[in-house]
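Chains, contacts and geometry: an overview
In case you want the letters, here they are:
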Amino acid sequence: MVEDAENKTGKAAKKMAVVITRPPYQSLAGKEALDLALVAATFEQSVSLFFMGDGIWQLVKGQQPEVINQKNNSASFGALELYGIKQVYTDASAMKSNNLTVQDFVLATKVTALNELGSLIASHDIIINF
């Protein structure tokens, strides 16, 4: 489960779930989700990322978005740990149906069953879907 966090003032930080369900480069949703997570973490919020459904494709290594004149978002995932974002979950059923493994991803994630993801997301104070 996601642990309660406190900010520097000793007050409990709000727990924010950022749920990403869209594939990369179809829209700006993936980039916006990542930007939101990093900004929220800057303001000492406890942020968890959930990659579900087609959103798991955001994490796949070896993307070449420059072919379609897009910027590669995957380089930004390296900043998550610097911002204190350590709770990153992926949808086990989406991985299985797309023949993906954690070795296919640009960062380590917690592979989680869909029903457990629902419980984890529900434990957050703020839920934002992309």
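Data block above holds the structure.
Numbers given for residues are sequential positions, taken from 1 along each chain in its written order. Where totals are concerned, whole chains, interfaces and linings use all residues; where local detail is concerned, this predicted model gives features only for residues with pLDDT of at least 70, and gives and counts side-chain atom pairs only at 80 or more. Processing note: side-chain calculations cover all non-hydrogen atoms of the structure and skip hydrogens and water entirely.

What follows concerns the overall build of the protein chain. A tally of helices and strands in the protein chain yields three helices and five strands. Its helices and strands taken in sequence order, the protein chain reads β-α-β-β-α-β-α-β from the N to the C terminus. Buried, partly exposed and exposed residues are distinguished by accessible area as a fraction of the type maximum, computed with a 1.4 Å probe on protein chains only: under 20%, between the cut-offs, and over 50%, respectively. The buried share of the protein chain, reckoned over its 130 residues, is 42%. Residue pairs in contact within the protein chain that sit at least 24 positions apart in sequence constitute 74% of those at least 6 positions apart. The secondary structure listing takes helices from DSSP runs of H or I that are at least 4 residues long and strands from runs of E that are at least 2 residues long, numbered from the N terminus. Residue contacts are defined here by distance: any two heavy atoms, one from each residue, within 4.5 Å place the two residues in contact.

Moving on, we get to the pairing of strand β2 (residues 46-51). Of all six residues in β2, six are buried, a share of seventy percent or more. Where burial is concerned, the two faces of β2 agree: the one with Ser-46, Ser-48 and Phe-50 and the one with Val-47, Leu-49 and Phe-51 are both buried. At least two bridges found by DSSP between two strands is the condition for calling them paired. Across six bridges, strand β1 (residues 15-20) lies against β2 in parallel orientation. The residue of β2 that forms the bridge with Met-16 is Val-47. As a crossover connection, the stretch from β1 through helix α1 (residues 29-42) into β2 is right-handed. As paired strands, β2 and strand β3 (residues 87-91) are joined by four bridges and run parallel to one another. Orient the strands so they point away from the viewer, and a crossover whose first-strand-to-second-strand path over the helix runs clockwise is right-handed.

Buried within helix α3 (residues 114-122) are the following residues: Leu-117, Leu-120 and Ile-121. Buried residues of α3, seen end-on, are gathered within an arc of 95° and therefore sit on one face of the element. Exposed and oriented more than 90 degrees from the buried face of α3 are Asn-115 and Ala-122. Here the arc refers to the set of directions running from the helix axis out to each C-beta atom.

To continue, consider the sheet that holds strand β4 (residues 110-112). Strands sit in the order β4-β3-β2-β1-β5 across an open sheet of five strands; the sheet is parallel. Each having just a single partner strand, β4 and β5 (126-129) make up the two edges of the open sheet. Within the sheet, the average angular offset between the axes of one strand and its neighbour, ignoring direction, is 25°. With respect to the sheet, α3 is in contact with β1, β2, β3, β4 and β5, its orientation differing from that of β3 by roughly 145°. Geometry is summarised by axes, namely lines fitted to C-alpha atoms with helices restricted to the contacting stretch, and by angles between N-to-C directions that run from 0 to 180 degrees.

Looking at where Leu-100 falls in the secondary structure, it is placed in the loop between α2 (92-97) and β4. Judged by relative accessible area, which is 12%, Leu-100 ranks as buried. Look past the residues within four positions of Leu-100 in its chain and what remains in contact with it is Ile-56, Trp-57, Val-60, Met-95 and Phe-105.

Only the six-membered ring of Trp is used, alongside the rings of Phe and Tyr, when aromatic pairs are assigned; centres must lie within 6.5 Å, and planes under 30 degrees apart are stacked while those over 60 apart are edge-to-face, with the rest tilted. This model, assessed by the stated rule, comprises two aromatic pairs. Centroid distance Phe-50 to Tyr-89: 4.9 Å. Interplanar angle 10°. Geometry classified as stacked. Within this pair, whereas Phe-50 is found in strand β2, its partner Tyr-89 is found in strand β3, the two being separated by 39 residues in sequence.

Before going further, it helps to examine the nonpolar core. As used in this record, nonpolar core signifies buried Ala, Val, Leu, Ile, Met, Phe, Trp, Tyr and Cys residues forming a set joined through side-chain atoms within 4.5 Å. Counting residues in each nonpolar core, the largest one holds 27 residues, and the members touching the most others are Val-18, Leu-49, Phe-51, Leu-80 and Ile-85. Broken down by secondary-structure element, the contributors of at least two residues to this core are β1, α1, β2 and α2. Among the elements that line this core, the one with the most residues is α1, at seven residues. Filtering out sequence-adjacent residues up to four positions away, Leu-49 remains in contact with Val-18, Ile-20, Ala-37, Leu-80, Ile-85, Gln-87, Val-88 and Tyr-89. Judged by nonpolar contacts, the second largest core, of eight residues, contains Ala-17, Val-19, Met-52 and Ile-121.

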